[in-house]
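# Report on the structure
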Amino acid sequence: MTLDDLYEQPEDLLLQGITRLKTELADQVLILGHHYQREEVICFADITGDSLKLAQQAAATDAPHIVFCGVHFMAETADILTSDSQKVMLPDPAAGCSMADMANDVQVSRCWQELNTVLVADAMVTPVTYINSTAALKAFCGEHGGIVCTSSNAERIMRWAWGERDKILFFPDQHLGENTAVSMGIADDAMIVWDPALPLGGNTEEAIHHAKLILWKGFCSVHQMFQASHAVTMRQQHSGIHILAHPECSRAVCETADFVGSTEAIINHVHAASEPQHFAIATELNLVNRLRIMHPEHAIYFLSPMVCMCSTMFRTDPQHLFASLQAIADGQQGNRIIVPSAQKEQAKISLQRMLDLG
Ligand code: 13P
Ligand code: SF4
């Protein structure tokens, strides 16, 4: 059945079809679901989680097939961490991440070369890539003594990275790097921003020598929609409200928040509240709506007055999930994600360094 045919099918039949295929393939397929997935997809996930938890689960499973309901870098990560005989599928191969697209291997290699005109990068700089990046950038980190981090372990990883070398080059998300460094007490004048469109990233040689942290000028188009003024308005409207933010939000937003954490940490924070409370949450809409349904005892608000949805996460719908499961049942490739083996080897080094830190 083609995708067009599936879109013609009544939704209840489609959902029944997914349930049937999932039962038939129970010992062959693990479905991983990121917290930003829509309800009618995440309900089929065997395991839900943030990027770290899902990477750990991918590394631990021996299921021959993994269907990753998430975005491209997550499926690539799963392919890197699984054996060659295991197959990883991304239901819609067009489900990318706009932040991951903000740094490519050509730009990062050029940045490294430029740093080498000022200092000895391989001796003085640890490259740290946010997991929201291509396999090529994870491989770059593997080759250059670097490491991967996620939103839930960035502090531990950055501490390790500074233990290795004097400076960190952090990409592609400026905000996660900056928010983590601020919480670790790094001074403002020890951080510079690297704009890949400018010579030396727009910095002087002196600033590069002085910097402890070089932050790539990248951001999440969803989390940049939240502003500190939204938090001010919320606090005026609801006294005692708790503001929870994802660290991909700007520093101004994170500094106004009562709690900053990964998607899984935000969920656990709301689960742990023993008394009914008012929460305003600065992260993707599908997750906030789910928390609202799970916790009717709390008043849960979306921090921004605008709709901030990850349109690429939203690409995975029941039709694409059904098609992936059907492809496995039919012995076909489906939308398999395969990281080239040379890249895979180096990328695994930087991912494994992260996993080994716990
Ligand atoms: P988490 O690892 O916190 O789930 O974040 C992933 C992501 O892409 C957030 O935008
Ligand atoms: Fe990428 Fe932002 Fe979507 Fe997360 S929310 S997957 S960082 S675009």
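Preceding block: the structure.
Residues numbered from 1 in each chain as written. Chains lettered and ligands numbered in written order. Predicted model: local features only at pLDDT ≥ 70, side-chain atom pairs only at ≥ 80, totals over all residues. Heavy atoms only, no water.

### A word on the site of ligand 2
Taken together, Y36, C97, S98, M99, N132, C220, V222, E248, C310 and M313 make up the full set of residues adjacent to ligand 2. Tallied by class, the residues present in the shell around ligand 2 amount to seven nonpolar, two polar and one charged. (Near = heavy atom within 4 Å. Nonpolar A, V, L, I, M, F, W, Y, C, P; charged D, E, K, R; others polar.)

### Digging into helix α6 (residues 105–116)
A rise of 1.5 Å per residue sets the reference length of α6, with its 12 residues, at 16 Å; its end C-alpha atoms lie 16 Å apart and thus fit the reference within 8%. Buried within α6 we find V108, C111, W112, E114 and L115. Looking straight down α6, one finds that the buried residues subtend no more than 165° of arc, so they occupy a single side. Facing away from the buried side of α6 by over 90 degrees, the exposed positions are V106 and Q113. In this structure N104 caps α6, since a side-chain oxygen of it lies 3.1 Å from the backbone nitrogen of V106. (Helix = DSSP H or I, 4+ residues; strand = E, 2+ residues; numbered from the N terminus. Expected span 1.5 Å × (residues − 1). Buried < 20%, exposed > 50% of the residue type's maximum accessible area, 1.4 Å probe, protein only. Arc of directions from axis to C-beta. Polar contact = N/O pair within 3.5 Å; in protein donor to acceptor, adjacent residues only side chain to side chain.)

### Considering the pattern of salt bridges
Taken as a whole and judged by the stated rule, the model has 16 salt bridges. For R235, the salt bridge is made with D258, and the minimal N-O distance between the two is 3.3 Å. In this pair, R235 is assigned in helix α12 (residues 228–237) and D258 in the loop between α13 (251–256) and β11 (259–260), connecting sequence segments 23 residues apart. A single network of salt bridges, built from pairs that share partners, joins E178, D188, R251 and E255. (Salt bridge = Lys/Arg side-chain N within 4 Å of Asp/Glu carboxyl O.)

### Re the nonpolar core
Residues F170, L213, I281, L303 and M354 are the most contacted members of the largest nonpolar core, which totals 83 residues. The dominant element in this core, judged by the number of residues it contributes, is helix α5 (residues 72–81), at six residues. Those residues in contact with M354, other than ones at most four positions away along the chain, are L52, I131, I147, V148, C149, T150, N153 and I157. W112, L115, L169 and I208 belong to the second largest nonpolar core, which has 21 residues in total. (Core = buried A, V, L, I, M, F, W, Y, C linked by side-chain atoms within 4.5 Å. Contact = heavy atoms within 4.5 Å.)

### Describing the site of ligand 1
Neighbouring residues of ligand 1: H34, Y36, D50, S51, Y130, N132, S151, H223, H246, E248, S262 and T263. Within the side chain of S51, a nitrogen or oxygen atom sits 2.8 Å from an oxygen atom of ligand 1. The fraction of the free accessible surface of ligand 1 (300 Å²) that becomes covered by protein chains is 96%. Taken together, the residues that form the shell around ligand 1 break down as two nonpolar, eight polar and two charged. (Areas by Shrake-Rupley, 256 points an atom, 1.4 Å probe, with all protein chains shown as cover.)

### A look at the packing of aromatic side chains
All told, the structure shown has four aromatic pairs when counted by the stated rule. On the basis of an interplanar angle of 70° and a centroid distance of 6.3 Å, the ring pair of F171 and W216 is categorised as edge-to-face. Highlighted residues: F171 in strand β7 (residues 167–171) and W216 in strand β9 (residues 213–216), separated in sequence by 45 residues. This pair shows no difference in class: F171 is buried, exactly as W216 is. Within the aromatic cluster, the residues linked to one another by ring pairs are W112, F140, F171 and W216. (Phe/Tyr/Trp six-rings, centres within 6.5 Å; stacked < 30°, edge-to-face > 60°.)

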